[in-house]
Amino acid sequence: MLKVTDLEAGYGGSVVLHGVSLEVRDGEAVVILGPNGHGKTTLLRTISGLIRPSAGRIEFDGKVLSDMSPADIVATGVVHIPQGDLPFPELTVLENLLMGAYLPEAWKQRKEKLEQVYELFPVLRERSRQLARSLSGGERRMLALGRGLMSNAKLLMVDEPSLGLAPFLIEEVYRKLHDINKSGLSVLLADENADHIAGFADRVYLLEMGSIVGEGTAEDMLKNEALLAAYLG
Amino acid sequence: MEKLMQAIYGGIVYGSIFGMMALGLTLIWGALRMLNLAHGSLYLVGTYIAFTLVNILKVPMVPALLIAALGTAVVGFGIQTLLLNRILGKPGWDVGSLIVGVGVGMAIDQSILLIYGPRVKQMPPLIPGIFKIGRVVINYNYLVVVAVAVISLVLLSVFLSKSRHGLAIQAVSQQPDAAQLMGIPTRTVFLIVMCISAALAGLAGALLSTVYQVQRESGANAMVMALVVTIFGGLGSVKGTIWAAYIVGLLQSFLMVYLGAGTALPGVFLFMMLMLVIRPSGLFGLGEAQRL
Ligand SMILES: Nc1ncnc2c1ncn2[C@@H]1O[C@H](COP(=O)(O)OP(=O)(O)OP(=O)(O)O)[C@@H](O)[C@H]1O
Ligand SMILES: [Mg+2]
């Protein structure tokens, strides 16, 4: 469904991604592993249209995303949950969630979607009238995920869902993401370490200095611990 | 007692008007991070559209007000699509947007001078007549001005906090990246904000043309007060701006009534400076990160 070919992108003059190619198939959970600063966020932001690629091609369900606006890309079903959550701080939790359903199609079903999100993240129901800026780190992460799920996503791209959370919360977030994936949504996830691949990922890409240096099924990758260890230190 | 009532009454009148002007300024700051220096000129556009319609074309007052607001919104639409969109999102936006504001403001002010000449003009009140409560003179015209201002402030607040598009405006102001990731088309939102802001300035200009004389200087005066209120309330905060408008309005009115008209403006500025020392981000200021 998502096919990225020879993607090149960066900031101003400096190129960060040097010809990245990868693929996410229907229903898959794919993880991009890469150390700090090697281009994971840049890659996801380019796919979602926040950064214009300087070369290469991004396709989703037969549509070419590489020259669409971020708003049009969301409408195709590619939804990006950004690193650091980026909540709307002065809006309530409920209003944040509603903005996730901003596009007309999703807006029509916002009541049902809201129920589903509250079901998955009960804490958001309790906090629904609170301003987003008053949430704890864990709650903010749940809000970011819930807000993404309010859309009509077909592919959920999640940037470092473990960032800055206590270990038990990381476990919980990955469990939720696994459930979301099993309910039929494809997931493309970026992370810094291989701790949570087992039981979650179908396939893994290794990103180094803006290039894909390895690819394989999760089992193969985990068997090849030498490679992972050398690579992720 | 009469003095007190007089002061409160004046404060409400001023506050309502400041609120209309300042809210437009704060919305644009919030969404576009632009200090719109043409805001006072947009006020003048409203004034002179109303003047033309009422005094020259003999259009009744109510449609004239609506047309003034709409006409000014169209000017805002033009500024956004023809000028601002060209530099939006490019390096140098901070300075570039200021220059666009100054340039557009000068173009509007000078055009008005060319078309209407330098002479001060007079408009009829919306509703003539007065009544008295004790010895406080209440002007029907002022009451209408306050009512229209309050109704538009309330409608706008409800729009911003309840509707899908209003929330989207807030979302874009608070976290533009995330807003784009929700599918919110930021450029369309900027255009809507510019039109609303211009319409408010135009409506304020049209309304006040029935209270003050019609002259070019009133645009700059309105702009200065709007700026004071916006800074006082915390740039970008809608709630703060509305509160600040009435606080500044009351302050100005109390100074005028108790200490004389000459003390009003210096007093307001002094108060603003004190306030900024105590609370640098304004009354309801959003954190530094939000404002820059
Ligand atoms: N806004 C920016 N402007 C210029 N360079 C940037 C910007 N954002 C990131 N970079 C640079 O691009 C490179 C890749 O950064 P990116 O954020 O994509 O990495 P990452 O893999 O997501 O890292 P992390 O694990 O820290 O999130 C880094 O060298 C970084 O310094
Ligand atoms: Mg990153």
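Quick note: structure is the one above.
Residues numbered from 1 in each chain as written. Chains lettered and ligands numbered in written order. Predicted model: local features only at pLDDT ≥ 70, side-chain atom pairs only at ≥ 80, totals over all residues. Heavy atoms only, no water.

J.: How do you make sense of the overall build of chain B when you look at a structure like this?
T.: Helix and strand content of chain B: 12 helices and 2 strands. The C-alpha atoms of chain B give a radius of gyration of 19 Å, which matches the 19 Å a tight globule of 292 residues would have. Principal axes of the C-alpha set define a box for chain B whose edges measure 60 × 50 × 35 Å. Looking at chain B residue by residue over its 292 residues, the buried ones come to 52%. A separation of at least 24 residues holds for 75% of the contacts in chain B among residues at least 6 apart in sequence. Working note: accessible area of chain B is about 12800 Å², and carbon and sulfur atoms make up 74% of it. Computed over 16 positive and 6 negative side-chain charges, the inter-centroid distance for chain B is 8 Å. (Helix = DSSP H or I, 4+ residues; strand = E, 2+ residues; numbered from the N terminus. Rg over C-alpha atoms; globule rule 2.2 N^0.38 Å. Buried < 20%, exposed > 50% of the residue type's maximum accessible area, 1.4 Å probe, protein only. Contact = heavy atoms within 4.5 Å. Areas by Shrake-Rupley, 256 points an atom, 1.4 Å probe, with all protein chains shown as cover. Lys, Arg positive; Asp, Glu negative; His and termini not counted. Charge placed at Lys NZ, Arg CZ, Asp CG, Glu CD.)

J.: Sorry if this is basic, but what is going on with the coordination of the magnesium ion (ligand 2) here?
T.: Perfect tetrahedral coordination of a metal by four donors corresponds to 109.5 degrees between them, and perfect octahedral coordination by six donors corresponds to 90 or 180 degrees. Residues and elements named next belong to chain A. Here the magnesium ion (ligand 2) is held by Thr 41 (OG1) and Gln 83 (OE1), and the distances to it run 1.8 to 2.0 Å. Highlighted residues: Thr 41 in helix H1 (residues 40-47) and Gln 83 in the loop between strand S6 (78-81) and helix H3 (93-100), separated in sequence by 42 residues. Here Thr 41 falls in the partly exposed class, since its relative accessible area comes to 23%. (Donors = N, O, S within 2.8 Å, 3.2 Å for Na, K, Ca; no water.)

J.: Help me out: how do you make sense of the interface of chain B and chain A in this one?
T.: The parts lose accessible area when they come together, and the size of an interface is often stated as this lost area. Counting residues at the interface gives 20 residues for chain B, matched by 22 residues for chain A. Here chain B and chain A share an interface that buries about 2100 Å² over both sides, 70% of which is from carbon and sulfur atoms. Connecting chain B to chain A are 1 salt bridge. A salt bridge links Arg 45 of chain A to Asp 177 of chain B, with the nearest nitrogen and oxygen atoms 2.8 Å apart. (Buried area = accessible area lost by both parts, 1.4 Å probe. Salt bridge = Lys/Arg side-chain N within 4 Å of Asp/Glu carboxyl O.)

J.: What is the right way to read helix H8 (residues 186-208) of chain B from this model?
T.: Given 3.6 residues to a turn, an α-helix orients residues that are three or four positions apart in the same direction. If you check H8 of chain B, its first and last C-alpha atoms are 33 Å apart, about what 23 residues at 1.5 Å a residue would give, namely 33 Å. Of all 23 residues in H8 of chain B, 19 are buried; the element is thus mostly enclosed. (Expected span 1.5 Å × (residues − 1).)

J.: Any chance you could explain the packing of helix H2 (residues 39-56) of chain B against helix H4 (residues 93-116) of chain B here in plain terms?
T.: The geometry of a pair of packed helices is captured by two quantities: the angle between their axes and the separation between those axes. Residues and elements named next belong to chain B. Put simply, H2 and H4 touch, their axes get as near as 9 Å, and they point 25 degrees apart. Taken together, the axis directions place H2 and H4 in an arrangement best described as roughly parallel. Where H2 crosses over H4, the two elements pack in a sense that is left-handed. When H2 is examined against H4, the residues Ser 41, Leu 42, Leu 44, Val 45, Tyr 48, Phe 51 and Thr 52 are found in contact with a partner set consisting of Gly 105, Ile 108, Asp 109, Ile 112 and Tyr 116. Residues that form the contact of H2 with H4 fall into these classes: 8 nonpolar, 3 polar and 1 charged. (Axes fitted to C-alpha atoms, helices over the stretch in contact; angles between N-to-C directions. Parallel < 35°, antiparallel > 145°, perpendicular 65-115°, else oblique. Left-handed = near helix turned anticlockwise from the far one by under 90°. Nonpolar A, V, L, I, M, F, W, Y, C, P; charged D, E, K, R; others polar.)

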